[in-house]
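Descriptive analysis of the structure
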Amino acid sequence: MREPDWLRIEQIIETALQEDIGSGDITTESLFPTDKKTKAVITAKESGVVAGLSVAERVFKKLDQNIVWHEKKRDGDRVEPQDILAEIEGLQKAILKGERVALNFLQRLSGIATLTSKFVNSVEGLPVKILDTRKTVPGLRILDKYAVRIGGGSNHRFGLFDGILIKENHIKLAGSITEAVRSVRERGPHLLKIEVETKNLEEVKEALSAGADIIMLDNMPIETIKEALEIIKGRALTEVSGGINLENVRKIAETGVDFISIGALTHSPPALDIALYMV
């Protein structure tokens, strides 16, 4: 699995802490003019897949480099209510100041990993990959996509810079699928596969004739997906996108598509309930 870019993540953490603490934690500084060491535990309050523990640890170490972090679970572990994820020993001001930021990261990333794992489990045994999309929180994409991988999913392109995907608006401006594929084939990096978004069977036929490497079947009913696969007959990879949920994902996977991309993994995952308690 791809290692996260910790230098970039450190920058994200610094931004989050600055946003929350600003010029100082008025409540903590007013209550505790002097500092002392204390202990705390991070606990799951519902079932799920945990992700972001290393991120949470780095949040606290930004505030107290001598903080001791005892990890009781690892990213990717299944957790249940009351499970202790980590124990912390360090300066009480650092723990209080970092609590919300650390939990925000943990809850969001664990929510993404948990939702992703549900989709992955739903298609178990079928030769299909569950993919994310670019529908991520601005500035947090590296973390959102890390959580998808922790949940057992795979990453689609990270940005506009590392994959070619010709979408509806590109096609409108280029004039046709054929012209769009021709232009990209002529001017784009020759090692990258070309993916084309299609909305109906006529566009599928045109994308196939134009030489698309991957054909996205966007918001198509299952019967239309099956017809499209009959037309393609393995001459291009296939991806289904749009309207995917836990009720229909297995039926879609059973059609034989190669990829299923799901924006909901990162644009609207329910946060996993996780808490920090002083002990």
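Refer to the preceding data block for the structure.
Description of the structure in this document. Nothing here was measured: the structure is a model prediction, and the numbers come from that model. Counting from 1, residues in each chain are numbered in the order their sequence is written. Predicted model: local features are reported for residues with pLDDT of at least 70 only, side-chain atom pairs are reported and counted for 80 or more only, and whole-chain, interface and lining totals are derived from all residues. As a convention, hydrogens and water are excluded, and side-chain values are obtained from all of the structure's heavy atoms.

We now examine the packing of helix α7 (residues 177-187) against helix α8 (residues 201-210). Angles run from 0 to 180 degrees between N-to-C directions of axes, and those axes are lines fitted to C-alpha atoms, restricted for helices to the stretch in contact. By definition, any uninterrupted DSSP run of H or I lasting at least four residues is a helix, any uninterrupted run of E lasting at least two residues is a strand, and each is numbered from the N terminus. Across the interface, α7 lies against α8 with an axial gap of 9 Å and an inter-helix angle of 30°. Between α7 and α8, the crossing angle belongs to the class labelled roughly parallel. Our pair here, α7 against α8, has a crossing hand that is right-handed. Contacts from I177, T178 and V181 in α7 reach E203, E206, A207 and A210 in α8. Gly is put with the polar residues, along with every residue not named as nonpolar or charged; the nonpolar set is Ala, Val, Leu, Ile, Met, Phe, Trp, Tyr, Cys and Pro, and the charged set is Asp, Glu, Lys and Arg. Class assignment of the residues belonging to the contact of α7 with α8 gives a composition of four nonpolar, one polar and two charged. To sort the angles, those under 35 degrees are grouped as roughly parallel, those over 145 as roughly antiparallel, those from 65 to 115 as roughly perpendicular, and the leftovers as oblique. Two helices crossing with the near one rotated counterclockwise from the far one by less than a right angle form a left-handed crossing, whereas a clockwise rotation gives a right-handed crossing. In what follows, residue pairs with any heavy atoms lying within 4.5 Å of each other are defined as contacts.

A few words on the environment of T136. In this fold, T136 is placed in the loop between β6 (129-131) and α5 (141-150). A residue is classified by how much of its surface remains accessible, and T136, at 14% relative accessible area, is buried. Sequence separation between T136 and L106 is 30 residues; the distance between their C-alpha atoms is 16 Å. Setting aside chain neighbours within four positions, we find T136 in contact with R141, D144 and T266. At 2.9 Å, the side chain of T136 forms a polar contact with the side chain of R141. Note on exposure labels: buried denotes an accessible area under 20% of the residue type's maximum, exposed denotes more than 50%, and partly exposed covers the range between, all computed with a 1.4 Å probe on protein chains only. The term polar contact refers here to a pair of N or O atoms within 3.5 Å; inside protein, the definition further demands a hydrogen-donor-capable atom paired with an acceptor-capable atom, and it admits residues adjacent in sequence only when both atoms are side-chain atoms.

Here the focus is helix α9 (residues 222-232). Of the positions making up α9, those classed as buried are T224, I225, A228, L229 and I232. Angularly, the buried residues of α9 cover 140° about the axis, an arc narrow enough to put them on a single face. Relative to its buried face, α9 has exposed residues pointing more than 90 degrees away, namely E223 and E230. In this structure, the buried side of α9 is in contact with α8, β9 (214-218), β10 (237-241) and α10 (249-253). Following α9 by one or two positions, K233 adopts a phi angle in the positive range, close to 50°. Note: the arc covers the axis-to-C-beta directions of the helix.

Quick look at the sheet that holds β10 now. When DSSP locates at least two bridges between a pair of strands, those strands are taken to pair. Across the sheet, which stays open at both edges, the six strands sit in the order β6-β11-β10-β9-β8-β7 with parallel pairing between neighbours. Here the strands that pair on one side only, and so sit at the sheet edges, are β6 and β7 (164-166). Shown here is a sheet whose adjacent strand axes are inclined to one another by a mean of 25°, direction ignored. Sheet analysis places β6 next to strand β11 (residues 259-261), joined by three bridges and oriented parallel. The residue bridging L131 from the neighbouring strand is S261, located in β11. Across the face of the sheet, α7 comes into contact with β7 and β8 (194-198) while running at roughly 165° to β8. In the packing of α8 onto the sheet, contacts are made with β8 and β9, and the angle to β8 comes to roughly 165°.

The next point concerns the side chain of D132. Topologically, D132 is positioned in the loop between β6 and α5. Assessed through its relative accessible area of 0%, D132 is described here as buried. Only 2.7 Å separates the side chain of D132 from the side chain of K145, close enough to count as a polar contact. There is a polar contact of 2.8 Å between the side chain of D132 and the backbone nitrogen of H156.

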